[in-house]
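Spelled out, the chains give:
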Amino acid sequence: MKKCMIQNVFGNIQRRVSIFCIVIVLVFTSVLSYAQDATGAKTGTINDVDAKIGGVLDTLSKSTDTTVAGVSASVNKLAAAVTTIGNTEGHSKIAINIMWTLVCAFLVMFMQAGFAAVESGFTQKKNVAHTMVMNFLIYAIGLIGFWISGFAIMFGGALNNGLLGGMAGVVPHEITISLFGHDLGIAGSAGYFLSSKYYDVGIFTLFLFQMVFMDTTATIPTGAMAERWTLKSFIIYGFFISMFVYPLYGNWVWGGGWLATLGANFGLGHGHVDFAGSSVVHLVGGVAALAGAIVIGPRIGKYGKDGTVNTIPGHNIPMAIIGTFILAFGWFGFNAGSTLSGNDFRLAVVAVNTLLAGGAAALSATVYSMIKNGGKIDPGYVVNGLLAGLVGITAPCAFVTSLSAVIIGLIAGVLVIAVYNFIDQKLKIDDPVGAFAVHGANGAWGVLALGLFADGTYGDGWNGVAGNVTGLFYGDGKQFLAQVIGTVAAFAFVFPVMYFFFKLLDKITPLRSTPEEELAGLDIPETGAHGYVD
């Protein structure tokens, strides 16, 4: 009897190991018949220079006749030579785009250090190791989660990006539902694990660039829930938002989903437009942060029983300011990199608008601080003002004039302080670094600002709609309506999902540290190491 039980156990183990091995082989084995262009040798042709000329020359160069439609054989040879030159130029063009996109992705990746410094600086000394570990871990957790399923859900229906070579042979797939006489995309379903079917330089470039954007979203709640969040529950959260929540909304806007097609399907401008992520990245992260801060509750001592609001000061303002400079530097990769093309000279406009909006917001926050604080300039106000301006310009940066960028920044700098004070003092929601005020409120402002200020000089063909993107102040009120719909959709989707997720997660493993651990500091209980050794 005992021998039979042992055999059954080993039999079960063998079956499970066999299934696991089969899965590993299917996921990781590079089947040659599936591989697309893993070296890049075939990426970029004359068609990437000019598709019409490329088609004519390709026909001529492949002809075996001495004449084609009256064209002499010598002309055919010339066509073949031009095709060779065109292919070389096309290859170079796509190479520039790929290199530009990757370099910008590296800049965005470095923003993780900025987030870590800002959040650690604005929180207490006793929790600095814990805060740093969260900001470090979310990078690793997020990228693996995005690799498993996030990228496929977000971009599975939009894998053939022409700016990165078109990924010839890669077959996308979008899950759709039929409503109001149209097929509306809700999720991609191709590209899981970046398997051998998607072994292509263009796909891998897109993955890296979009992965670091996702990590920004996933990082935002670490500031709102800092100083009381257990690492075990945090790890589960990291996989959930990177694998499902962020990719779903991202698909709707950037993956050809239903928000992107509001223009093509329903005549609402160019659909919901977000150049670099005011809604996709910052609004999603900010709303998730708000939900998390509500569920986890305020830090001990933040609010008195009599309703008083107590300030819990950060321990290192210089660290926070240095972190802000790192974020501002990385933001050039964030916004200008979203052209996905080093050949799109509009990136100069994007970069300057990014610069101006951040500076204007910092100045308006400074003035607001002086008015509120008897002439004193609060470093926290100024830092969050700059970040708010950068968040606000992220969506419209490619579509507005420099004056509009300054106006957008000036409003963002005041909005962030007003929202933070309302959340903190009226709603009694403890958000240590102002994550919702910076990213949530100003993420919404950014996409709405695009719907107001887009000047109609850029964006022809965006989301499959002819003509340039034009906002309400320049004659297209329908574009503003599309921006409103996208903003409401983000709140309506992300907040309830994340609120109930955090509630459920708290039932599985405690979301919050014990009062004793919180009062002593989370460095030793959660990490086993002090952030500082005195």
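Each value, and the rule that gives it
Residues numbered from 1 in each chain as written. Predicted model: local features only at pLDDT ≥ 70, side-chain atom pairs only at ≥ 80, totals over all residues. Heavy atoms only, no water. Helix = DSSP H or I, 4+ residues; strand = E, 2+ residues; numbered from the N terminus. Buried < 20%, exposed > 50% of the residue type's maximum accessible area, 1.4 Å probe, protein only. Areas by Shrake-Rupley, 256 points an atom, 1.4 Å probe, with all protein chains shown as cover. Polar contact = N/O pair within 3.5 Å; in protein donor to acceptor, adjacent residues only side chain to side chain. Contact = heavy atoms within 4.5 Å. Pairing = 2+ DSSP bridges. Salt bridge = Lys/Arg side-chain N within 4 Å of Asp/Glu carboxyl O. Expected span 1.5 Å × (residues − 1). Patch = residues over 30% accessible without salt bridge, like charges linked within 9 Å, V, L, I, M, F, W, Y side chains within 5 Å. Core = buried A, V, L, I, M, F, W, Y, C linked by side-chain atoms within 4.5 Å. Phe/Tyr/Trp six-rings, centres within 6.5 Å; stacked < 30°, edge-to-face > 60°. Axes fitted to C-alpha atoms, helices over the stretch in contact; angles between N-to-C directions. Parallel < 35°, antiparallel > 145°, perpendicular 65-115°, else oblique. Left-handed = near helix turned anticlockwise from the far one by under 90°. Nonpolar A, V, L, I, M, F, W, Y, C, P; charged D, E, K, R; others polar. pLDDT = per-residue confidence, 0-100.

Novice: Quick question: what am I supposed to make of the overall build of the chain here?
Specialist: Along the chain, the regular secondary structure elements total 16 helices and 2 strands. Within the span of the chain, comprising 534 residues, buried residues form 52% of the whole. If you sum the accessible surface of the chain, you get close to 22700 Å²; carbon and sulfur atoms cover 70% of it.

Novice: Please explain the side chain of serine 233 as it appears in this structure.
Specialist: Here serine 233 is to be found in helix H6 (residues 231-254). Looking at serine 233, its side chain comes within polar contact range of the side chain of threonine 230, at 2.7 Å. Setting aside chain neighbours within four positions, we find serine 233 in contact with Leu505, Thr509, Pro510 and Leu511.

Novice: I would appreciate a short explanation of the environment of alanine 158 in the present structure.
Specialist: By secondary structure assignment, the location of alanine 158 is in the loop between helix H4 (128-155) and strand E1 (174-179). Sequence spacing of alanine 158 and tryptophan 254 is 96 residues, and the spatial spacing of their C-alpha atoms is 8.4 Å. Residues in contact with alanine 158, not counting those within four places in the same chain, are Pro172, Leu206 and Gly255.

Novice: What exactly am I supposed to notice about the pairing of E1 here?
Specialist: Strand residues, when the strand is regular, have side chains that alternate between the two faces of the sheet. The pairing of E1 with strand E2 (residues 182-188) spans 6 bridges and is classified as antiparallel. Note that in E2 the partner of leucine 179 across the bridge is histidine 182. Between E1 and E2, which pair antiparallel and follow one another directly, the connecting turn spans 2 residues, one of which, phenylalanine 180, has a positive phi of 55°.

Novice: Honestly, the pattern of salt bridges in this entry has me stumped. Any pointers?
Specialist: Here the idea is simple: oppositely charged side chains can pair when their charged atoms come close. Evaluated as defined, the whole model comprises 4 salt bridges. Between lysine 302 and aspartate 424 there is a salt bridge, and its shortest N-O distance comes to 3.2 Å. Taken together, the residues span a long stretch of sequence, with lysine 302 in the loop between helix H8 (278-296) and helix H9 (317-336) and aspartate 424 in helix H12 (residues 402-426) at a distance of 122 residues. The exposure class of aspartate 424 is buried, given its relative accessible area of 5%. It is possible to trace a salt-bridge network through shared partners that takes in Glu227, Arg299 and Asp430.

Novice: Just checking my understanding: could you explain helix H5 (residues 201-224) for this structure?
Specialist: Each full turn of the α-helix corresponds to 3.6 residues, which orients residues three or four apart in the same direction. Taking 1.5 Å per residue as the helical rise, H5 with its 24 residues ought to reach 34 Å, and the 37 Å between its terminal C-alpha atoms agrees with that figure. Burial within H5 is extensive, with 21 of its 24 residues counted as buried. Where H5 begins, the capping side chain belongs to aspartate 200, and its oxygen is found 2.8 Å from the backbone nitrogen of glycine 202.

Novice: Teacher, can you tell me more about a nonpolar patch on the surface here?
Specialist: Residues Ile177, Leu179, Phe180 and Phe266 make up a contiguous nonpolar surface patch of roughly 400 Å² in combined accessible area. You can see isoleucine 177 is positioned in strand E1. The exposure class assigned to isoleucine 177 is partly exposed, which follows from its relative accessible area of 36%.

Novice: Any chance you could explain the nonpolar core here in plain terms?
Specialist: Within the largest apolar cluster, 124 residues are counted, with the highest numbers of intra-cluster contacts made by Tyr237 and Tyr249. For tyrosine 237, the contacting residues outside a window of four places in its chain are Ile138, Thr217, Ala218, Pro221, Trp229, Met498, Phe501, Phe502 and Leu505.

Novice: How should the packing of aromatic side chains be read in this particular structure?
Specialist: Working definition: an aromatic ring pair is given by the centre-to-centre distance plus the angle between the planes. One pass over the full model with this rule turns up 29 aromatic pairs. Between the aromatic rings of phenylalanine 209 and phenylalanine 213, the centroid separation amounts to 4.7 Å while the plane-to-plane angle is 45°, which identifies the pairing as tilted. Here the residue phenylalanine 209 and the residue phenylalanine 213 both occupy positions in helix H5, the gap between them amounting to 4 residues, near one helical turn. In this structure phenylalanine 213 comes out as buried when scored by relative accessible area, which is 1%. Where tyrosine 499 meets phenylalanine 500, the ring centres are 5.5 Å apart and the plane angle is 90°; that geometry is what we call edge-to-face. Linked through ring pairs, Trp229, Phe234, Tyr237, Phe240, Phe244, Phe501 and Phe502 together constitute an aromatic cluster.

Novice: I would appreciate a short explanation of the packing of H6 against helix H14 (residues 477-508) in the present structure.
Specialist: Each packed pair of helices is defined by two parameters, the angle between the axes and the distance between the axes. Close contact between H6 and H14 brings their axes to 11 Å; oriented N to C, the two are set at 160°. By the angle between their directions, the pair H6 and H14 is classed as roughly antiparallel. For H6 against H14, the interelement crossing comes out right-handed. Taken together, the residues of H14 that come into contact with H6 (itself represented by Ser233, Ile236, Tyr237, Phe240, Val245, Leu248, Tyr249 and Trp252) are Gly486, Thr487, Ala489, Ala490, Phe493, Val494, Val497, Met498, Phe501, Phe502 and Leu505. Taken together, the residues that form the contact of H6 with H14 break down as 16 nonpolar, 3 polar and no charged.

Novice: Teacher, can you tell me more about the side chain of asparagine 384 here?
Specialist: Topologically, asparagine 384 is positioned in helix H11 (residues 379-394). We classify asparagine 384 as buried; its relative accessible area is 14%. Among the polar contacts made by the side chain of asparagine 384, one reaches the main-chain carbonyl oxygen of valine 433 at a distance of 3.3 Å. Residues contacting asparagine 384, with those up to four places away along its chain left out, are Val416, Val433, Gly434 and Val438.

Novice: It is not clear to me how the confidence of the model for the chain should be interpreted in this structure. Could you clarify?
Specialist: When pLDDT drops low, the exact placement of atoms in the prediction is not to be read closely. Put simply, the chain has an average pLDDT of 91, and 89% of its residues get 70 or more. Across residues 20-35, where pLDDT falls below 50, the model places 13 contacts with residues more than four positions away in sequence or in other chains.

Novice: Sorry if this is basic, but what is going on with unusual backbone geometry here?
Specialist: Peptide bonds are trans in most cases, and residues, glycine excluded, mostly fall at negative phi. Positive phi, normally seen in glycine, also occurs at methionine 167, with a value near 50°. Following the sequence through the fold, methionine 167 ends up in the loop between H4 and E1. Located in the positive-phi region is lysine 428, a residue other than glycine, with phi close to 60°. Locating lysine 428 in the fold gives a position in the loop between H12 and helix H13 (435-453). On the basis of relative accessibility, which here comes to 30%, the residue lysine 428 falls in the partly exposed class.

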